[in-house]
Amino acid sequence: MSDLHYLTIAEAAQRIAARDLSPVDLTCAFLDRIAAVDGALNSFIAVTADLALAAARQTEAEIMAGRHRGPLHGVPYALKDIYDTGGIATTGHSARCKDRIPVGDAPVVARLREAGGVLLGKLATHEFATGGPSWDLPWPPARNPWDLTRFPGGSSSGSGAAVAAGLAPGAMGSDTGGSIRLPAAFCGTAGIKPTYGRVSKRGVLPLSFTLDNAGPLAWTVEDCAIMLQAIAGHDSLDPASAEVPVPDYGASLRQGVKGLRIGLVRHWYETEGRATAEVVAAMDTTAEVLRSLGAEVREVTLRPLAEYQSCMRLITLSESFSIHGDRLREHPGDYGEVFRYRIIPGAFVPATDYVQALRQQRILAQGMFDALLEVDALITASTWGEAPVMAAMRAEANFASPPLTNPFNVSQLPTLSLCNGFSANGLPLSLQIAGRAFDEATVFRIGHAYEAATSWRAQRPAVPSTPVRDTPVDQAAPPPAEATRAIYAALATQAALPLDARQFAQACEAIPHVEAMGAVMPRTLPFGAELATTFAFDGE
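Note that the structure is predicted; figures quoted are calculated from it, not measured.

Caption draft 1: Expanded view of the packing of aromatic side chains. Applying the stated criterion across every chain yields a total of 10 aromatic pairs. Measuring from centroid to centroid gives 5.5 Å for Trp 268 and Tyr 308, while their planes differ by 70°, and the two rings are edge-to-face. Taken together, the residues Trp 268 in helix 8 (residues 267–270) and Tyr 308 in helix 10 (residues 305–330) connect sequence positions 40 residues apart. In this structure Tyr 308 comes out as buried when scored by relative accessible area, which is 0%. Pairwise contacts between aromatic rings join Phe 128, Tyr 335 and Phe 339 into one cluster. Here the basic side chain of Arg 457 rests over the ring of Trp 219, its NZ or CZ set 3.8 Å away from the ring centre. Here Arg 460 stacks its cationic end above the ring of Trp 219, 3.8 Å away from the centre of that ring.

Given below as structure tokens:
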């Protein structure tokens, strides 16, 4: 496509470096695109047009003066609205923070600015990066550009929608249980969850201290590599940041997959789960494409999916409630209903279950590390099927049907989602590629080879300009069972949660899922099974 707003980062960078494309013209093209279609898409919370144009003019002057900084110089991008931006509101898509103006930038934002990127604005997200599509917040939920009635994935919903629709060539997201990879999957983009510690989390609104990751979404694997190159690296003020050298991701990007050993984790989505026939077929075809390119693809069996999902959920519930619990008790109206539904069950996770989940995380991660001694990377499906109808989604579904992305948060390994086909309804399908710790380069290498061998990047959504008017499903839960009503009421009292009748019914619906997750955790572990968060200081 010849439209400037459909240029990839790599394409735009090449033209800007050759002085064949003005950063100002490129920025204007994206601002015009946002004005034309985002009224229906709702991907942006705030568009910083004046600041973007000023930055574009500055980058153009620098480039014309021979001070070219690299592939992001003069290229626009957008931020999920959980990244602190000095002087620009960072709201978490929540009424609680609608007037929150940070005094400084998150390190990721500072690095993107240093690379010469041009900030277009702040993007929609699920409230505080969890929950789901919610209609009772100050801003509407983002829509899927392939079908405005469908879910764009979350929690980096605006990031996936904006990139797919050509409103930004790249965007920052975050990923605690799949929140980069799921929007990438449902919106048909690429998205990388880096190794835990590869990218600074400082200045990013937290959800789970143990599992949060910052990473980019873009139209191609190469563009994700370009963005990660700019933001990766040690941050001495972030206690989770890893002091590990960052390689040149472009150096190995085009080396192909010949001779690589790739493990196909089929049992998660075909035996243990309920992926659609279209997902299964797309994964089979993906394996054949990789074999045709010279890779050895063999099936690999890992621990049951439910173990990873329960571990991830117990950790996230506990930590997110520790962040928001006091405010929820005192000012529940500061939050949306879907967020409350998802966070309040964290009050009912026993401390023993949280600790066991942290101990089990280390065991599960080690099992995946061991599997990656036999193969160079793992592939599996990103989702169970095509994007669901958004207005029909209930908050309870995230407990009842956790996503396929959770295992790689538990293991903390770098994982890429990218398009591997389309459903009969014309909606994107997607695979995940996971690699060894801090080996994003191999993950990118495999993803780029697959992308170059297939035609999926030639298809873009035709985004309507007319908004959809739909009625979201009522989040009301059924009345609590008499057998458990008193028990759960006592738990709510113990947790000092002043729940009204509707909130109490929702909690009663969610608590059995929490109890089931706890039941998956082993009751006994070896005495030496340390927490995944245990660390040791280097000796002098």
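Caption draft 2: The arrangement of the pattern of salt bridges in detail. Under the defined criterion, the tally for this structure stands at 28 salt bridges. Asp 105 serves as the salt-bridge partner of Arg 113, at 2.2 Å between the closest nitrogen and oxygen. Relative accessible area serves as the criterion here: at 44%, Arg 113 is assigned to the partly exposed category. Close ionic contact of Arg 436 with Asp 376 constitutes a salt bridge, the shortest N to O distance being 3.4 Å. In this pair, Arg 436 is assigned in the loop between strand 11 (428–435) and helix 15 (440–453) and Asp 376 in the loop between helix 12 (351–371) and strand 9 (377–381), connecting sequence segments 60 residues apart. Counted as one network, the salt bridges with shared partners bring together Arg 266, Glu 270, Asp 284 and Glu 299.

Caption draft 3: Fine view of the nonpolar core. Among the nonpolar cores identified, the biggest contains 153 residues, and Leu 378 and Phe 444 are the most heavily contacted of them. If one sorts the elements of this core by residue count, helix 10 sits on top with 9 residues. Setting aside chain neighbours within four positions, we find Phe 444 in contact with Ile 192, Val 221, Cys 224, Ala 225, Leu 228, Tyr 249, Leu 253 and Leu 416.

Caption draft 4: Local environment of the sheet that holds strand 10 (residues 415–422). Within the open sheet, the 11 strands sit side by side as 1-3-2-4-6-5-10-11-9-7-8. Their pairing is mixed. A strand with exactly one partner marks an edge of an open sheet, and here the two such strands are strand 1 (44–47) and strand 8 (296–299). Across this sheet, the average inter-strand angle for adjacent strands is 25°, counted without regard to direction. For strand 2 (residues 76–80) and strand 3 (residues 118–123), the ladder comprises 4 bridges, and the chain directions are parallel. Counterpart to Pro 76 in the pairing with strand 3 is Val 118. Against the sheet, helix 5 (residues 157–164) touches strand 1, strand 2, strand 3, strand 4 (170–174) and strand 6 (214–218), its axis set at about 160° to strand 4.

Caption draft 5: Molecular detail of the packing of helix 16 (residues 482–494) against helix 17 (residues 501–520). Contact geometry for helix 16 and helix 17: axes closest at 10 Å, N-to-C directions at 95°. Considering the angle they form, helix 16 stands roughly perpendicular to helix 17. Residues Arg 485, Tyr 488 and Ala 489 of helix 16 lie in contact with helix 17, whose contacting residues are Phe 504, Cys 508, Ile 511, Pro 512 and Glu 515. Split into classes, the residues belonging to the contact of helix 16 with helix 17 amount to 6 nonpolar, no polar and 2 charged.

Cut-off values and rules
Residues numbered from 1 in each chain as written. Predicted model: local features only at pLDDT ≥ 70, side-chain atom pairs only at ≥ 80, totals over all residues. Heavy atoms only, no water. Phe/Tyr/Trp six-rings, centres within 6.5 Å; stacked < 30°, edge-to-face > 60°. Helix = DSSP H or I, 4+ residues; strand = E, 2+ residues; numbered from the N terminus. Buried < 20%, exposed > 50% of the residue type's maximum accessible area, 1.4 Å probe, protein only. Lys NZ or Arg CZ within 6 Å of the ring centre and 35° of its normal. Salt bridge = Lys/Arg side-chain N within 4 Å of Asp/Glu carboxyl O. Core = buried A, V, L, I, M, F, W, Y, C linked by side-chain atoms within 4.5 Å. Contact = heavy atoms within 4.5 Å. Pairing = 2+ DSSP bridges. Axes fitted to C-alpha atoms, helices over the stretch in contact; angles between N-to-C directions. Parallel < 35°, antiparallel > 145°, perpendicular 65-115°, else oblique. Nonpolar A, V, L, I, M, F, W, Y, C, P; charged D, E, K, R; others polar.

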